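Structure at a glance
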Amino acid sequence: MKNFDPYWTTARFPSTCAKTGAQIRKGERIYYYPRTRTVLVGEAAEQAARDFEAAKADEESYAANW
């Protein structure tokens, strides 16, 4: 099964942040969602990463209690 979890990477080409509309330059640090090919940058990316890690920790904690 392929892992579709979002992850931090470097932009390989110019793009646009899906949440803020900010321009993304090649080489910038981005947060990438592979399933939807959505890209976030800046504070939107930081918040998305925190939200994802919190949800992941909750799921792991819940699963460990079963």
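Anything mentioned here points back to the structure above.
Presented here is a report on the structure given in the accompanying data block. (Residues numbered from 1 in each chain as written. Predicted model: local features only at pLDDT ≥ 70, side-chain atom pairs only at ≥ 80, totals over all residues. Heavy atoms only, no water.)

Some details on unusual backbone geometry
Formally: By definition, any uninterrupted DSSP run of H or I lasting at least four residues is a helix, any uninterrupted run of E lasting at least two residues is a strand, and each is numbered from the N terminus. To sort residues, take the accessible area from a 1.4 Å probe on protein chains only and compare it with the maximum for the residue type: under 20% means buried, over 50% means exposed, and anything in between is partly exposed.
Its identity is not glycine, yet Arg37 carries a phi of approximately 60 degrees, on the positive side. In this fold, Arg37 is placed in the loop between strand E4 (29-33) and strand E5 (38-40). The exposure class of Arg37 is exposed, given its relative accessible area of 68%.

Quick look at the nonpolar core
Cut-off, in case you're wondering: Residues enter a nonpolar core if they are buried and are Ala, Val, Leu, Ile, Met, Phe, Trp, Tyr or Cys, with the set joined through side-chain atoms within 4.5 Å.
In this structure, Cys17, Ile24, Ile30, Tyr31, Val39 and Leu40 are the most contacted members of the largest nonpolar core, which totals 13 residues. Breaking this core down by element, the ones donating at least two residues are E4, E5 and helix H1 (43-64). The biggest single contributor to this core is H1, with 4 residues.

What about the sheet that holds E5?
Rules: Strand pairing is assigned whenever DSSP detects at least two bridges linking the two strands. Each axis is a line fitted through C-alpha atoms, and for a helix only the stretch in contact is used; angles between axes span 0 to 180 degrees, taken between their N-to-C directions. For this analysis, residues touch if any pair of their heavy atoms sits within 4.5 Å.
Ordered by their spatial adjacency, 3 strands build an open sheet running E1-E4-E5, and the pairing between neighbours is antiparallel. Two strands close off the open sheet at either side, each with one partner strand: strand E1 (7-10) and E5. Averaged over all pairs of adjacent strands, the angle between their axes in this sheet comes to 40 degrees, without regard to strand direction. Of the strand pairs in this sheet, E4 and E5 are connected by 3 bridges, and their pairing is antiparallel. The partner of Tyr31 across the bridge, within E5, is Leu40. Along the sheet face, H1 touches E1, E4 and E5 and points at about 50 degrees away from the line of E4.

Digging into the pairing of E4
As paired elements, E1 and E4 share 4 bridges and run antiparallel to each other. Looking at E4, one finds that Tyr7 is bridged to Tyr32. Between E4 and the antiparallel strand that follows it, E5, lie 4 residues; Arg37 among them carries a positive phi value of about 60 degrees.

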